[in-house]
Amino acid sequence: YFNMFIAGSSLTYRGNNDVFLKSGEYTWNLNFASSVGKHFFCGVQVLNIFTDYRNVNIETKKNTVFGIFTQYNITPDSQFRPFIELSYNRGNYYFPPDAYYPENNKYYTYIGLGGGVDMPLTFISKNLFIDLSYIFYLQKPKDKIIYDYNQYIIGIDYRFGKMRRI
């Protein structure tokens, strides 16, 4: 246990070309995880969400979501690592349906569910991996209509330690 650690980072973009409000949203995800057995990793993450408005005079907004996650490794003894992820997160990213920009004055809960794969980049380094993932964040509570948050991830992971062979 705890024989491998992963540090990861990604920067993803979502555009909105609405006729009334054109915006770009950048999410910078930083995460750190540790193996806790043959099949599981547990870790922490921070999503920094920057929304930039192009056709209106609104300041760039920064929202933050932070949380804990667990990943189940489908093929634990392989360098090619497909996984399923579940997370619990808190943050101030909230998109009300009657507004064109996120509010950031309250904190909300997000339950994340998704999956991905780490693929080795051995031609650069034996410890460097590309992370391709998709996570759906269900925003709670659902007492009013709000938008959930989806994130595709194209990132880089660096592994410290070795894959455990059993």
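Above this text is the structure in question.
As the structure is a computational prediction, the values presented were derived from the model and not from experiment.

This part covers the overall build of the protein. Helix and strand content of the protein: zero helices and eight strands. Listing every helix and strand of the protein by position from the N terminus yields β-β-β-β-β-β-β-β. When burial is assessed residue by residue, the protein has 43% of its 166 residues classed as buried. In the protein, the proportion of contacts linking residues at least 24 apart, taken out of those at least 6 apart, comes to 56%. For the protein, the accessible area works out to roughly 9,000 Å², and carbon and sulfur atoms hold 64% of it.

What follows is about the environment of Ile135. Along the chain, Ile135 falls in strand β7 (residues 128-140). Sequence separation between Ile135 and Ser87 is 48 residues; the distance between their C-alpha atoms is 9.4 Å. Among residues more than four places away in sequence, those in contact with Ile135 are Glu85, Gly112, Leu113, Gly114, Gly115, Tyr149, Asn150, Gln151 and Ile153.

Moving on, we come to the side chain of Ser35. Note that Ser35 resides in strand β2 (residues 22-35). Side chain to side chain, Ser35 and Asn3 meet in a polar contact 2.9 Å long.

Moving on to empty space enclosed by the protein. Tallied over the full model, the rule gives four cavities of 30 Å³ or more. Asn31, Phe69, Gln71, Glu85 and Asp131 are, among the 16 residues lining the largest cavity, the residues nearest its centre. Elements that contribute at least two residues to the lining of the largest cavity include exactly β2, β4 (61-73), β5 (81-91), β7 and β8 (149-161). Among the residues forming the lining of the largest cavity, the class breakdown is six nonpolar, five polar and five charged.

It is worth spelling out the pairing of β5 at this point. Strand direction decides the pairing type here: β4 and β5, joined by nine bridges, are antiparallel. In the sheet register, Tyr72 faces β5, and the bridge partner there is Ile84.

Across all of its chains, the model carries five aromatic pairs by this definition. Pairing Phe66 with Tyr107 gives two aromatic rings, centres 6.3 Å apart and planes at 55°, and the pair type is tilted. Of this pair, Phe66 sits in strand β4 while Tyr107 sits in the loop between β5 and β6 (108-120); the two residues are 41 residues apart in sequence, bridging distant segments of the chain. For Arg81, the ring lying beneath its charged end belongs to Phe41, and the centroid distance is 4.8 Å. When the ring centre of Phe129 is taken as origin, the NZ or CZ atom of Arg159, which lies over that ring, is 3.6 Å away.

Quick notes on the rules
Residues numbered from 1 in each chain as written. Predicted model: local features only at pLDDT ≥ 70, side-chain atom pairs only at ≥ 80, totals over all residues. Heavy atoms only, no water. Helix = DSSP H or I, 4+ residues; strand = E, 2+ residues; numbered from the N terminus. Buried < 20%, exposed > 50% of the residue type's maximum accessible area, 1.4 Å probe, protein only. Contact = heavy atoms within 4.5 Å. Areas by Shrake-Rupley, 256 points an atom, 1.4 Å probe, with all protein chains shown as cover. Polar contact = N/O pair within 3.5 Å; in protein donor to acceptor, adjacent residues only side chain to side chain. 1 Å grid on protein atoms, 1.4 Å probe; cavity = no way out; pocket = protein on both sides within 12 Å on 5 of 7 lines; lining within 4 Å. Points joined across faces, edges and corners; volume = space filled by probe spheres on them. Nonpolar A, V, L, I, M, F, W, Y, C, P; charged D, E, K, R; others polar. Pairing = 2+ DSSP bridges. Phe/Tyr/Trp six-rings, centres within 6.5 Å; stacked < 30°, edge-to-face > 60°. Lys NZ or Arg CZ within 6 Å of the ring centre and 35° of its normal.

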